[in-house]
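Structural features, examined
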Protein chains: 2
Amino acid sequence: MNEESRISHFTNPLYLQSGRILEPYDIAYNTYGSLNEKRDNCILVCHALTGSQHCSGSLNEKYGWWSNIIGPNKAIDTNEYFVICTNVIGSAFGSTSPISKIYPKDISYRFSFPVVTISDMIKAQRILLDSLDIKQLYAIIGGSMGGMQTLSFSILYPNIAKKFIALSTTHATSPYIIAFNKIMSEAIISDTNFDNGNYDLEYKPILNGLKIARMIGYLHYITKETMQNKFGRNYVNSDGLYELFGRFEIERYLDYNGENFCNKFDPLCLLYLLKAISIYDLSYGFNSLEDALKNIKNKLYLISFSGDSMFFANEMREIKTAMDAIGSSHLCDYYEVKSEYGHDSFLVECDKYADYLSNILKS
Amino acid sequence: MNEESRISHFTNPLYLQSGRILEPYDIAYNTYGSLNEKRDNCILVCHALTGSQHCSGSLNEKYGWWSNIIGPNKAIDTNEYFVICTNVIGSAFGSTSPISKIYPKDISYRFSFPVVTISDMIKAQRILLDSLDIKQLYAIIGGSMGGMQTLSFSILYPNIAKKFIALSTTHATSPYIIAFNKIMSEAIISDTNFDNGNYDLEYKPILNGLKIARMIGYLHYITKETMQNKFGRNYVNSDGLYELFGRFEIERYLDYNGENFCNKFDPLCLLYLLKAISIYDLSYGFNSLEDALKNIKNKLYLISFSGDSMFFANEMREIKTAMDAIGSSHLCDYYEVKSEYGHDSFLVECDKYADYLSNILKS
């Protein structure tokens, strides 16, 4: 598989939904496979909150988060398709984000970075595609925050792709998830080592707030049932049951997972991405969800997971119901995967929908 | 209604499950109504995590957390019953806890306080009842952590009451809730103002960690659906949608609720009570849950709520199933309240089970 990792630099202003401007800005992206002569075999993959452009392969020893789905002879077959995945603006893997330098100064944006929205993210991706002379995509696909981008593409740029495939997402973030995002943000901000966003970017201090934020997020990544099967009430062998800081195995795992995350993710970026998710509402600027969906021109495929405790299956069914209500049944397929895994199903239970996905692309 | 608030001081050692000893110790308790001549009309009410002995009335302007259930002509009728509610050891409302002084020194226990268990809590209550010459209770009742105490009473002191009534609880805390408790604890401990437990007890600093812990807890007190109905995606009028710290109404409420909680609850006590809940397992010391339940001699009533997202209804059904399996169906009634409210149902939807409860007590 032909893999490339690039960064494009744009000097024209990016006009954001807030009225603010990013100028100049970078977009980091990876590609897998080859663009055909007609330039019409491109699939855009949109990443989730903690994802990146490294959706497949193993460039620079970064392994792809969707390698089970994307690659030679996989559901998204890189022998056939040219896959492109960009790092969203606001995220820290090469695209312009709160930790980028403010041109031409030698200081970083930090909290002076503008709030970016899902619409802003896709606008930037559209500009990148234009710059690569890719006018027409074969498909756009993404899960979770990537699904939000996919849905927004289908409404705001309805002709840009032939197929839009959204997984494990919603049409508007629920107050329940806004509450989770709020608490995660509060944990980050309250950490004195975060220093109101002025922590050392090069030698990052230990950030307990970021660790706690990750732990809170983890509560949705697997379900109650999976936790029961995976950890049960097993206690760490070397810990005492009556020690206040003695731990169950699930607690040790949370420590491990949280600390690990701190080495990989930036807290300022997480704050901005959580904000983008919280304020996301597909019907924003329209009279209703139905009104927004009337813009859809090409086929939308929805893949939900029954065990998803972040973006519940019924939230995706609401999109299908609204599509039916406006007489667009033929433009929308809804597929519910039986799963007990939780929100991370779309990343870990790929077997359960790979065939369905492969058939969509072949159809 | 005759109301009294007292503290009993015990000079004999309290031997804890851990092998540690509390000596001396205090138990704070409230009583409502009057003990009859036979001393057999007493109902012991067990409080939940953030509850206290103030379960009814309005002594010292502290309003009872279960006033809808306990009082003259209420489901627990204080014209008929003598209600007693003790503050559990480890909690900060007058009973011995981590913030109590270590006799005879002038310093507080803080982290030198021993881990206490649900069994320890009920042992202390048993000693208090003995000291009041109450040998036989009419009933024991409690929800959530109070339900854990009730279940433990039914197994460890099976003859102490004629009826045991447990609401919104479980037979063993699930790893899912252990994870929540862990993250709440982590938030408290990570707060530099908490100062590793050495914060000023008299003039408490602002404790963001405690606020975050409360916010995390709140995620279970109401459901996703209730949040949707109560807050929706309403944005605070004076906040900007594109301000990073602009807030949805649910976020403002979390701030309010969290800050309010900090004025009412002690973080060290919360850590110890969360630990007691996490390590609670009714089958501890027995071969199985069934084995534990074989000790039950008097009738056990289980009241669960379909919307409870902390102690799921199926966890209480497991107790009923186990009772059936050991041939004790006649000793166990299971009642599931249809509710969409969440774990706090037993406190806020009293109408839905008051008649059932009243009939249990009259039967």
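For the structure itself, consult the block above.
Let me sum up the structure you'll find in this document. (Residues numbered from 1 in each chain as written. Chains lettered and ligands numbered in written order. Predicted model: local features only at pLDDT ≥ 70, side-chain atom pairs only at ≥ 80, totals over all residues. Heavy atoms only, no water.)

**Examining the overall build of chain A**
- Across its full length, chain A carries 11 helices and 12 strands.
- Relative to the globule expectation of 21 Å for 363 residues, the C-alpha radius of gyration of chain A, 20 Å, shows essentially globular dimensions.
- In terms of overall dimensions, chain A has C-alpha extents of about 65 × 50 × 45 Å along its principal axes.
- Counting only residues that meet the buried cut, chain A has 61% of its 363 residues in that class.
- In chain A, of all internal contacts separated by at least 6 residues, the share reaching a separation of at least 24 is 70%.
- Only carbon and sulfur atoms are counted for the fraction: they give 45% of the accessible area of chain A, which is about 14,100 Å².
- Between the centroid of the 33 positive side chains of chain A and the centroid of its 40 negative side chains there is a distance of 3 Å. (Helix = DSSP H or I, 4+ residues; strand = E, 2+ residues; numbered from the N terminus. Rg over C-alpha atoms; globule rule 2.2 N^0.38 Å. Buried < 20%, exposed > 50% of the residue type's maximum accessible area, 1.4 Å probe, protein only. Contact = heavy atoms within 4.5 Å. Areas by Shrake-Rupley, 256 points an atom, 1.4 Å probe, with all protein chains shown as cover. Lys, Arg positive; Asp, Glu negative; His and termini not counted. Charge placed at Lys NZ, Arg CZ, Asp CG, Glu CD.)

**So, the environment of Ile89 of chain B**
- Structurally, Ile89 of chain B is set in the loop between β8 (82–86) and α1 (118–131).
- A relative accessible area of 2% means that Ile89 of chain B is categorised as buried.

**What about empty space enclosed by the protein?**
- Following the criterion strictly, the structure yields 2 cavities of 30 Å³ or more and no others.
- Of the voids in this model, the largest cavity is the one considered here, and its volume is about 100 Å³.
- The wall of the largest cavity is formed by Ala187, Ser190, Asp191, Asn208, Gly209 and Ile212 of chain A together with Ala187, Ser190, Asp191, Asn208, Gly209 and Ile212 of chain B.
- Contributing elements (two or more residues each) for the lining of the largest cavity: α3 (175–190) and α4 (208–221) of chain A together with α3 (175–190) and α4 (208–221) of chain B.
- Tallied by class, residues from the lining of the largest cavity come to 4 nonpolar, 6 polar and 2 charged.
- Taken as a whole, the second largest cavity holds about 30 Å³ of empty space.
- Leu49, Thr50, Met184, Ala213, Arg214, Gly217, Tyr221, Phe261 and Leu270 of chain A are the residues that line the second largest cavity. (1 Å grid on protein atoms, 1.4 Å probe; cavity = no way out; pocket = protein on both sides within 12 Å on 5 of 7 lines; lining within 4 Å. Points joined across faces, edges and corners; volume = space filled by probe spheres on them. Nonpolar A, V, L, I, M, F, W, Y, C, P; charged D, E, K, R; others polar.)

**A few points about the sheet that holds strand β10 (residues 161–167) of chain B**
Residues and elements named next belong to chain B.
- Spatial ordering of the open sheet is given by β1-β4-β8-β5-β9-β10-β11-β12, a layout of 8 strands whose pairing is mixed. Every interior strand has two partners, whereas the edge strands, β1 (3–10) and β12 (332–337), have only one. Across this sheet, the average inter-strand angle for adjacent strands is 20°, counted without regard to direction.
- Both β10 and strand β11 (residues 299–305) contribute to a ladder of 5 bridges, which runs parallel. The partner of Ala166 across the bridge, within β11, is Leu302. (Pairing = 2+ DSSP bridges. Axes fitted to C-alpha atoms, helices over the stretch in contact; angles between N-to-C directions.)

**Some words on the side chain of Glu186 of chain A**
- When you line up the elements, Glu186 of chain A lands in helix α3.
- Residues within four places of Glu186 of chain A in sequence aside, it is in contact with Lys211, Ile212, Met215 and Asp255 of chain B.

**Here we look at the interface of chain B and chain A**
- Contacts between the two partners involve 54 residues from chain B, matched on the other side by 54 residues from chain A.
- Summed over both sides, the interface of chain B with chain A buries roughly 4,800 Å², with 73% coming from carbon and sulfur.
- Counting across the interface, chain B meets chain A through 8 salt bridges.
- Across the salt bridge formed by Lys182 of chain B and Asp255 of chain A, the nearest N and O atoms sit 2.9 Å from each other.
- Inspection of the chain B/chain A interface yields 23 residue pairs in polar contact (both at pLDDT 80 or more).
- Put simply, the parts of the chain that give the side of chain B that touches chain A at least two residues each are α3, α4, α5 (224–230), α6 (249–262) and α7 (267–279) of chain B.
- Element by element, the count of residues in the side of chain B that touches chain A is highest for α3 of chain B, at 11 residues.
- Of the residues belonging to the side of chain B that touches chain A, the class tally is 30 nonpolar, 12 polar and 12 charged. (Buried area = accessible area lost by both parts, 1.4 Å probe. Salt bridge = Lys/Arg side-chain N within 4 Å of Asp/Glu carboxyl O. Polar contact = N/O pair within 3.5 Å; in protein donor to acceptor, adjacent residues only side chain to side chain.)

**A closer look at the packing of aromatic side chains**
Residue and element names in this part refer to chain B.
- For the structure on display, the rule yields 40 aromatic pairs over all chains.
- A centroid spacing of 5.2 Å and a plane angle of 15° characterise the contact between Phe10 and Tyr25, whose relative ring orientation is stacked. Residue Phe10 is found in strand β1, and its partner Tyr25 is found in strand β4 (residues 25–32); the two are separated by 15 residues along the sequence. Each member of the pair, Phe10 as well as Tyr25, is classed as buried.
- Centre to centre, the rings of Phe93 and Phe265 are 5.8 Å apart; their planes meet at 70°, and the pair counts as edge-to-face. Placement of Phe93 in the loop between β8 and α1 and of Phe265 in the loop between α6 and α7 is noted, with a sequence separation of 172 residues between them.
- Take Phe265: its relative accessible area is 3%, and that puts it in the buried class. (Phe/Tyr/Trp six-rings, centres within 6.5 Å; stacked < 30°, edge-to-face > 60°.)

**With respect to helix α6 (residues 249–262) of chain A**
- With 14 residues, α6 of chain A extends 20 Å between its outermost C-alpha atoms, agreeing within 8% with the 20 Å of an ideal straight helix rising 1.5 Å per residue.
- If you follow the buried residues of α6 of chain A, they end up packed against α4, α5 (224–230) and α7 (267–279) of chain A together with α3 of chain B. (Expected span 1.5 Å × (residues − 1).)

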